[in-house]
Amino acid sequence: AKCVSISAYSSTGSFHCIIFFFLFFFLMIRRPPRSTLFPYTTLFRSPYCNRNNLAFLAYSPLAQGLLTGKISPERKFEDGDQRNLNPRFSQENRQKIAKMLEEFKFIALKYGLTFAQLAIAWTVQQPGCTHALVGARRPEQAIENAKAGNTVLADDDIAAITAIIEKYIIDE
């Protein structure tokens, strides 16, 4: 499993980790993500992080449920639901995500994974990822998500997933 406590870092490692989080929050607060599809995937492959051996915690690798395949383009959100105001949850964006997930299907089937498990497995295998903070609304979801921790994707499958993601990233 890829679980590392911040207390396990050397003083230099902790310093770099703290700087990274300040940099991350500064960039995300000052400049909104460039893509409504996968706003943080470029951060995962950041040359700065790799060059400086910085780790990161992947927050919301399922994009608040968008990558589970359970939020269809036709879904209507209730009044007052925050997703009505979030461009990531627009019908157009959900259509793009549905197309992308369809391309993931052959890899998910190969490993016997759900889309959620595949997204988590891919995320934790990104260089520098030490944790994936994955939400769940029900105990069954947490159990399903945890099963991704036992999955080791082959390098060619990681590359295939990454290539599919790259096709769908849209600069705004």
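Below is a summary of the structure that appears in this document. (Residues numbered from 1 in each chain as written. Predicted model: local features only at pLDDT ≥ 70, side-chain atom pairs only at ≥ 80, totals over all residues. Heavy atoms only, no water.)

**A few points about the overall build of the protein**
Spelled out, the test is: Here a helix means four or more residues in a row that DSSP labels H or I, a strand means two or more in a row labelled E, and each is numbered from the N terminus. Classification of residues uses two cut-offs on accessible area relative to the type maximum, computed with a 1.4 Å probe and protein chains only: under 20% is buried, over 50% is exposed, and between them is partly exposed. In what follows, residue pairs with any heavy atoms lying within 4.5 Å of each other are defined as contacts. All accessible-area figures derive from a Shrake-Rupley calculation using a 1.4 Å probe, and residue coverage is judged against the displayed protein chains alone.
The helix and strand tally for the protein stands at seven helices and two strands. Mapped in sequence order, the helices and strands of the protein form the string α-α-α-β-α-α-β-α-α. Considering the protein as a whole, with its 172 residues, one finds that 39% of them fall into the buried category. In the protein, of all internal contacts separated by at least 6 residues, the share reaching a separation of at least 24 is 72%. Element-wise, carbon and sulfur atoms account for 58% of the exposed surface of the protein, whose accessible area totals about 10400 Å².

**Digging into unusual backbone geometry**
We note that S60 has phi near 55°; this positive angle belongs to a residue other than glycine. Take S60: its relative accessible area is 22%, and that puts it in the partly exposed class. Here Q64, not a glycine, exhibits a phi torsion of approximately 55°, which is positive. Topologically, Q64 is positioned in the loop between β1 (56–59) and α4 (91–111).

**Looking at a nonpolar patch on the surface**
The test is simple: Surface patches are defined over residues having more than 30% relative accessible area and no salt bridge, joining like charges when they lie within 9 Å and nonpolar side chains (Val, Leu, Ile, Met, Phe, Trp, Tyr) when within 5 Å. A side-chain nitrogen of Lys or Arg and a carboxyl oxygen of Asp or Glu constitute a salt bridge if their distance falls within 4 Å.
Nonpolar side chains collect at one region of the surface, where L57, Y59 and L133 lie side by side and expose about 310 Å² of accessible area between them. By secondary structure assignment, the location of L57 is in strand β1. Under the relative-accessibility criterion, L57 is labelled partly exposed at 36%.

**Thoughts on the nonpolar core**
In globular proteins that are soluble, nonpolar side chains generally tend to be buried together. What counts is decided by this rule: In plain words, nonpolar cores are sets of buried Ala, Val, Leu, Ile, Met, Phe, Trp, Tyr and Cys residues tied together by side-chain atoms within 4.5 Å.
Of all hydrophobic cores here, the largest spans 32 residues; its most connected members are M100, F104, L118, L153, I161 and I165. If you list the elements that add at least two residues to this core, you get β1, α4, α5 (115–124) and α7 (155–168). Ranked by residues supplied to this core, first place goes to α5 with seven residues. Contact partners of F104, with chain neighbours within four places excluded, come to F115, L118, I161, I164 and I165.

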